[in-house]
Amino acid sequence: MSSANEAMAKRSLLAAIADEDSVTGLLLAGVGQVSNEVGKETNFLTVIPGKTTVEQVEEAFDTFTSGRDDIAILLINQHIADLIRFKVDSYTNAFPAILEIPSKDHPYDPEKDSILKKVRRLFGE
Amino acid sequence: MTTDQEPQLQKIVSALEDISIKSNDQQKEITNSDAAIIEIPHDIDSEFSEIDAKTIELVELVAKYEQLVNDDNRLNFINGFLNLSRANYNTGTISKRFGADFYDLRPHTACVSLQYKKDTFELVDLLEFQRAKTASEKALKKAKDDKKAITEEKEYRDEDSKESESETTFDEKYHLTKDSKSTALKSNGGHEDNQVLKKRGGNNAINSSEKKSSGTKEIDLESEKQTEKEIKVRDPIYQFGALAPYQLKQAQNYFSSALKESVRVVNIQNRISKLVNEIEILQKENISSTAQV
């Protein structure tokens, strides 16, 4: 348990995979960290529709969740999570936690919220 | 314009300029009176089975979650985006949008970090810590300077009186200086304690890798100069230019509160997920026990 606590203590960062305005907002809030270490260069990915491919998003998702050990929460826009819905839904690790945030053009949709889906499944809907 | 009219004018200006959406504008589905219907008298609690109690807890949590996610969190994000767009509009040109071109890609530390205590995430604001610490350091330095001035004055006075009096004045002087030293030490020690407390808050964010990359060393509490070796966090609004419009500052405030709410949302999500798992296990147990009977 103590090793688990130590591992948890290292996880102190937030990461973000979002569109430009959302990432700007999150950087303003102080989420961004840049370092010279290989594999931990930045903790945010700006997804530009048309330029960023689904593979790049998948790669970033894998890096932030399994690759790095210093991320506690991953913030991802809901419409970008839809691109990699299979990965997000099958994600079972406790850490990092994944939170879907709304974007400017795609407001929050409770139908796509994975936690509410779980509750609905429990109550047999 | 008189000085009385100025605060009133400021109020009017801020009311007109504030374009943010308030929660009163939104339709509230869950009112406080509705929530009261779900209340259950406490004496009946003991009659509920474990699974029922957990289900009730789950339903309450889901109600709280939905309210948080639909009202507060959404509003913070909406207002943040709104103010960001306003700031972009105010800069005039399309090419100067506050966006990816402004990001500071030089190595720097994040201003917020997370601590995980008792199954919940807690957001730690390093920028606030830093500001509070610099403010307390300044206050302490000022107090020390004042003390120094007072003791020097007293010494000067004592020296004057010593010329005409006996040894008791020397002891007085000695006590005085000793007292001033001890209080200085106490205040120093207190300051160092404060440093330790604040460092504990800050240490969680400082990864060992970051220390290596920025070339800082382990904190040595014995010298005061170690404050210069700390990793400094910079307010991220500065990366958007020195004269950023005030709407950008407003957007920053909204996004900061959105981030705090998001952490609360994650905590509730974790609890809901845990409860759902526990209820599923209990359901399976019930099914298997009734099947045996």
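Cut-offs applied
Residues numbered from 1 in each chain as written. Chains lettered and ligands numbered in written order. Predicted model: local features only at pLDDT ≥ 70, side-chain atom pairs only at ≥ 80, totals over all residues. Heavy atoms only, no water. Phe/Tyr/Trp six-rings, centres within 6.5 Å; stacked < 30°, edge-to-face > 60°. Helix = DSSP H or I, 4+ residues; strand = E, 2+ residues; numbered from the N terminus. Contact = heavy atoms within 4.5 Å. Buried area = accessible area lost by both parts, 1.4 Å probe. Salt bridge = Lys/Arg side-chain N within 4 Å of Asp/Glu carboxyl O. Polar contact = N/O pair within 3.5 Å; in protein donor to acceptor, adjacent residues only side chain to side chain. 1 Å grid on protein atoms, 1.4 Å probe; cavity = no way out; pocket = protein on both sides within 12 Å on 5 of 7 lines; lining within 4 Å. Points joined across faces, edges and corners; volume = space filled by probe spheres on them. Nonpolar A, V, L, I, M, F, W, Y, C, P; charged D, E, K, R; others polar. Pairing = 2+ DSSP bridges. Axes fitted to C-alpha atoms, helices over the stretch in contact; angles between N-to-C directions. Buried < 20%, exposed > 50% of the residue type's maximum accessible area, 1.4 Å probe, protein only. Parallel < 35°, antiparallel > 145°, perpendicular 65-115°, else oblique. Arc of directions from axis to C-beta. Right-handed = clockwise from strand over helix to strand, strands pointing away. Left-handed = near helix turned anticlockwise from the far one by under 90°.

Points about the packing of aromatic side chains
Geometrically, a pair of aromatic rings is defined through the distance of the ring centres and the angle of the planes.
Thought 1: Enumeration according to the criterion identifies eleven aromatic pairs over all chains in this entry.
Thought 2: Measuring from ring centre to ring centre gives 5.9 Å for A:F61 and A:Y91, while their planes differ by 75 degrees; the resulting arrangement is edge-to-face. With A:F61 in helix 3 (residues 54-67) and A:Y91 in the loop between helix 5 (85-89) and strand 4 (97-101), this residue pair connects regions lying 30 residues apart in the sequence.
Thought 3: The structure contains a cluster of three or more aromatic residues connected by ring pairs, namely A:F95, B:Y116 and B:F121.

Observations regarding the interface of chain B and chain A
Thought 1: Taken together, the contact pairs 57 residues of chain B with 49 residues of chain A.
Thought 2: Roughly 4500 Å² of surface becomes buried between chain B and chain A when both sides are summed, with 68% attributable to carbon and sulfur atoms.
Thought 3: Connecting chain B to chain A are zero salt bridges.
Thought 4: Remark: the boundary between chain B and chain A carries eleven residue pairs in polar contact (both at pLDDT 80 or more).

Let's talk about the environment of A:K10
Thought 1: Secondary-structure assignment places A:K10 in helix 1 (residues 2-10).
Thought 2: With 61 residues separating them in the primary sequence, A:K10 and A:I71 have C-alpha atoms 8.1 Å apart.

Observations concerning the layout of surface pockets
Thought 1: Empty space within the largest pocket amounts to approximately 1000 Å³.
Thought 2: If you go around the largest pocket, you meet 36 residues; those closest to its centre are A:I115, A:K118, B:Q269, B:N270 and B:S273.
Thought 3: With eight residues, helix 7 (residues 246-292) of chain B is the single largest residue contributor to the lining of the largest pocket.
Thought 4: Looking at the lining of the largest pocket residue by residue, the class counts come to 17 nonpolar, nine polar and ten charged.

Topic: the sheet that holds strand 2 (residues 44-46) of chain A
Residues and elements named next belong to chain A.
Thought 1: As summarised here, the arrangement of the four strands in space is 2-1-3-4, forming an open sheet in which the pairing is parallel. Of all strands in the sheet, those with a lone pairing partner are strand 2 and strand 4, marking the two edges. Here the strands of the sheet are splayed against their neighbours by 20 degrees on average, with no regard to which way each runs.
Thought 2: In this structure, strand 1 (residues 13-18) lies alongside strand 3 (residues 71-77), joined through five bridges in parallel fashion. Its bridge partner being in strand 3, A16 is matched across the sheet by L75.
Thought 3: The sheet strands contacting helix 2 (residues 20-29) are strand 1, strand 2, strand 3 and strand 4, and the helix crosses strand 2 at an angle near 150 degrees.

Quick notes on the pattern of salt bridges
Thought 1: Counted according to the given criterion, the structure contains 18 salt bridges over all chains.
Thought 2: Residue A:D62 is joined to A:K87 by a salt bridge in which the shortest nitrogen-to-oxygen separation is 3.3 Å. Of this pair, A:D62 sits in helix 3 while A:K87 is found in helix 5, placing the two residues 25 residues apart along the sequence.
Thought 3: With a shortest N-O distance of 3.7 Å, B:E128 and B:R131 are connected by a salt bridge. With a gap of three residues between them, B:E128 and B:R131 both fall in helix 4 (residues 126-164), about one helical turn apart.
Thought 4: Here B:E128 falls in the partly exposed class, since its relative accessible area comes to 43%.

Quick notes on the packing of helix 2 of chain A against helix 7 of chain B
Thought 1: Closest axis-to-axis distance for the helix 2 of chain A/helix 7 of chain B pair is 8 Å, and the angle between their directions is 85 degrees. It follows that helix 2 of chain A is roughly perpendicular to helix 7 of chain B by the angle criterion. Across from A:G25, A:L26, A:L28 and A:A29 in helix 2 of chain A, the residues of helix 7 of chain B making contact are B:L248, B:Q252, B:F255, B:S256 and B:L259.
Thought 2: Taken together, the residues of the contact of helix 2 of chain A with helix 7 of chain B break down into six nonpolar, three polar and no charged.

Concerning helix 6 (residues 114-122) of chain A
Thought 1: All of the buried residues along helix 6 of chain A are A:I115, A:L116, A:V119 and A:L122. Viewed end-on, helix 6 of chain A has its buried residues packed into an arc of 115 degrees, placing them on one side of the element.
Thought 2: Considering only its buried residues, helix 6 of chain A is in contact with helix 3 (50-90) and helix 7 of chain B.
Thought 3: Two or three places before A:I115, at the opening of helix 6 of chain A, A:D113 has a side-chain oxygen 3.2 Å from that residue's backbone nitrogen.
Thought 4: At the C-terminal side of helix 6 of chain A, A:G124 shows a positive phi close to 80 degrees.

Section: the environment of A:A97
Thought 1: With respect to the secondary-structure elements, A:A97 resides in strand 4.
Thought 2: Residue class for A:A97 comes out buried when judged on its relative accessible area of 8%.
Thought 3: In this structure, the C-alpha to C-alpha distance between A:A97 and A:I73, residues 24 residues apart in sequence, is 4.7 Å.
Thought 4: When near neighbours in sequence (up to four residues on either side) are disregarded, A:A97 contacts A:A72, A:I73, A:L74, B:F121 and B:V266.

Thoughts on the pairing of strand 1 of chain A
All names here are of chain A.
Thought 1: When you tally the buried positions in strand 1, you get six out of six residues, the bulk of the element.
Thought 2: The alternating pattern of strand 1 places L13, A15 and I17 on one face and L14, A16 and A18 on the opposite face, and all of these are buried.
Thought 3: Two elements, strand 1 and strand 2, share three bridges in a ladder whose sense is parallel. Residue A18 lies in a different strand from strand 2, and its bridge partner there is T46.
Thought 4: Viewed along the sheet, the connection from strand 1 through helix 2 into strand 2 turns out right-handed.

Structural notes on the packing of helix 6 of chain A against helix 7 of chain B
Thought 1: At a minimum axis separation of 10 Å, helix 6 of chain A and helix 7 of chain B run at an interaxial angle of 20 degrees. In this view, helix 6 of chain A runs roughly parallel relative to helix 7 of chain B, as classed from their interaxial angle. Of the two elements, helix 6 of chain A crosses helix 7 of chain B, and the hand of that crossing is left-handed. The residues of helix 7 of chain B that touch helix 6 of chain A, namely those facing A:I115, A:K118, A:V119, A:R121 and A:L122, are B:Q269, B:I272, B:S273, B:V276, B:N277, B:I279, B:E280 and B:Q283.
Thought 2: Residues belonging to the contact of helix 6 of chain A with helix 7 of chain B are distributed by class as follows: six nonpolar, four polar and three charged.

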